[in-house]
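Inside the fold
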Amino acid sequence: MEYLEFELPIKELEEQFNKACAIGEESEVDVTDTCKQIEKKLIKTKKEIYKNLTPWQRVQMSRHPFRPYTLDYIKAICGDTFLELHGDRNVKDDKAMIGGLGKIGDQSYMFIGQQKGSNTKLRQYRNFGMANPEGYRKALRLMKSAEKFNIPVVALVDTPGAYPGLEAEERGQGEAIARNILEMTRLKVPIIVMIIGEGASGGALGIGVGDKVLMLENTWYSVISPESCSSILWRSWEYKEIAAEALKLTSTDMKKLTLIDEIVKEPLGGAHRDRDKMFEIVKDKITECHNELKNLSPTELVKKRMDKYSNMGVFKG
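The written sequence of each chain sets the order in which its residues are numbered from 1. Under the rules for a predicted model, residues below a pLDDT of 70 receive no local features and side-chain atom pairs below 80 are neither given nor counted, while totals for whole chains, interfaces and linings still include all residues. To obtain the side-chain values, all non-hydrogen atoms of the structure were used and water was disregarded.

Moving on: the overall build of the chain. A run of H or I in DSSP counts as a helix once it spans at least four residues, and a run of E counts as a strand once it spans at least two, with each numbered from the N terminus. A tally of helices and strands in the chain yields 14 helices and eight strands. Dimensions of the chain, computed from C-alpha atoms along their principal axes, come out at roughly 70 × 50 × 50 Å. Each residue is placed in one exposure class: buried if its accessible area under a 1.4 Å probe, protein chains only, is under 20% of its type's maximum, exposed if it is over 50%, and partly exposed if it falls in between. Out of the 317 residues in the chain, the part that is buried amounts to 49%. Sequence separation of at least 24 residues holds for 72% of the intrachain contacts in the chain that already meet a minimum separation of 6. When checking whether two residues touch, look at their non-hydrogen atoms; a contact exists if any pair is within 4.5 Å.

The span one expects for a helix is its residue count, reduced by one, times 1.5 Å. For helix 2 (residues 32–51), which comprises 20 residues, the first-to-last C-alpha distance of 28 Å matches the rise-based estimate of 28 Å (1.5 Å per residue) to within 8%. Among the residues making up helix 2, those that are buried are Cys35, Ile38, Leu42, Thr45, Lys46, Ile49 and Tyr50. End-on view of helix 2: buried residues confined to an arc of 110°, all on one side of the axis. What points out from helix 2, more than 90 degrees from its buried face, is the exposed set Asp33, Lys36, Gln37, Lys40, Lys41, Lys44, Lys47 and Lys51. Taken together, the buried residues of helix 2 touch helix 1 (8–26) and helix 3 (55–62). Directions drawn from the helix axis to the C-beta atoms are what define this arc.

Any two aromatic rings considered together are summarised by their centre-to-centre distance and by the angle between their planes. To pair, rings of Phe, Tyr and Trp, with the six-membered ring standing in for Trp, must have centres within 6.5 Å; the planes then decide the type, stacked if under 30 degrees apart, edge-to-face if over 60, and tilted in the middle. One pass over the structure, following the stated rule, counts three aromatic pairs. With a centroid separation of 6.0 Å and an interplanar angle of 55°, the aromatic rings of tyrosine 109 and phenylalanine 111 are classed as tilted. There is no split in this pair, since tyrosine 109 and phenylalanine 111 are both buried.

Attention shifts here to unusual backbone geometry. One non-glycine residue with positive phi stands out, namely serine 201, at about 60°. Summarising the element assignment, serine 201 is placed in helix 9 (residues 201–205). Of note, the phi angle at lysine 248 is positive, near 55°, even though the residue is not glycine. Here lysine 248 shows up in the loop between helix 11 (240–247) and helix 12 (251–256).

The next thing to look at is the environment of serine 251. Positionally, serine 251 belongs in helix 12. Classification of serine 251 as buried rests on a relative accessible area of 3%. Between the alpha carbons of serine 251 and lysine 116 there is a distance of 21 Å; along the sequence they are 135 residues apart. Here serine 251 is in contact with Met215, Leu216, Glu217, Thr219, Ile260 and Ile263, once residues within four sequence places are set aside.

What follows deals with the pattern of salt bridges. Should their charged atoms come close, side chains of opposite charge can pair. Whenever a carboxyl oxygen of Asp or Glu lies within 4 Å of a side-chain nitrogen of Lys or Arg, that contact is scored as a salt bridge. With the rule as written, the count across this model stands at 24 salt bridges. Of the charged contacts in the structure, one is a salt bridge between lysine 144 and glutamate 147, with a shortest N-O distance of 3.6 Å. With lysine 144 and glutamate 147 both in helix 6 (residues 133–148) and three residues apart, this pair spans about one turn of that helix. Looking at lysine 144, the relative accessible area reads 35%, which means it is partly exposed. Between lysine 285 and glutamate 288 there is a salt bridge; the shortest N-O distance is 3.7 Å. Of the two residues, lysine 285 and glutamate 288 both sit in helix 13 (residues 275–293), three residues apart, roughly one turn of that helix. With relative accessibility at 17%, the residue lysine 285 sits in the buried group. Taking relative accessible area as the criterion, glutamate 288 reaches 35% and is therefore assigned partly exposed. What you see here is one network of salt bridges that share partners, running through Arg137, Lys144, Glu147, Glu175, Arg179, Glu183 and Arg186.

Along the polypeptide, glutamate 292 turns up in helix 13. It is 37 Å that separates the C-alpha atoms of glutamate 292 and alanine 243, two residues lying 49 residues apart in sequence.

Dropping the structure here:
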């Protein structure tokens, strides 16, 4: 297990616990009390650390290399029922944006999301989760197919942003994202959006409009990353922690600003610490949200969605 800098006290206690247990197994010395004391201290330390994370530490948690990615969630939730669909029917298949049909129980869903890749080679293959215009056009094609067959849409957001390359701009990156936002506001089927990692800029918004928008506890959602914000304001990445604080990008901030509907609790230590439990939580949340939305007519769905986004940013003095 890889530890972040602020997790080092946990690492030390876990090493002590493992050593004490190993001594007990290899010798006749009774170390039961010692193990219990260390374990108790370990649980207390974990609770104290993870309860008081700074916004920058939340950003670090969202980027943890062992954190589950979109395909991990889909495969765990849907099993063998997931059928990935490819291509935007225009340019090519964007590997950074994945989508397809899957089932939870007897209910079919159209899953869409950015995929980062779990090692260097896969990250390059997936372009680090940064989609090109054809990725957003593929997502829109799949959402329109879902609408045609009355299948709810689930969007799993995890991206450092849309790909900012020259060729992406030449092929209409801004238009593709704007088109998705427009079409998602009036899609006639339920849309459930969940931020599972990084939710950065238009790259996240391109699949981020939903009837229910949820954020996992240790994720962030913002117009810009803390590093980019720091480099623009201070010409240096050194102030990324200050930028993270100022951007109000954590799930708690988003809920206070009513930009999301719900915060989804993660297992103690983050989603990567207990992946199976996290998968089960996400699966249950998707089903719960769908049960709330499934009886609404298409007209009611669109109206509620439009009203929800129209009211964002409105303050009464």
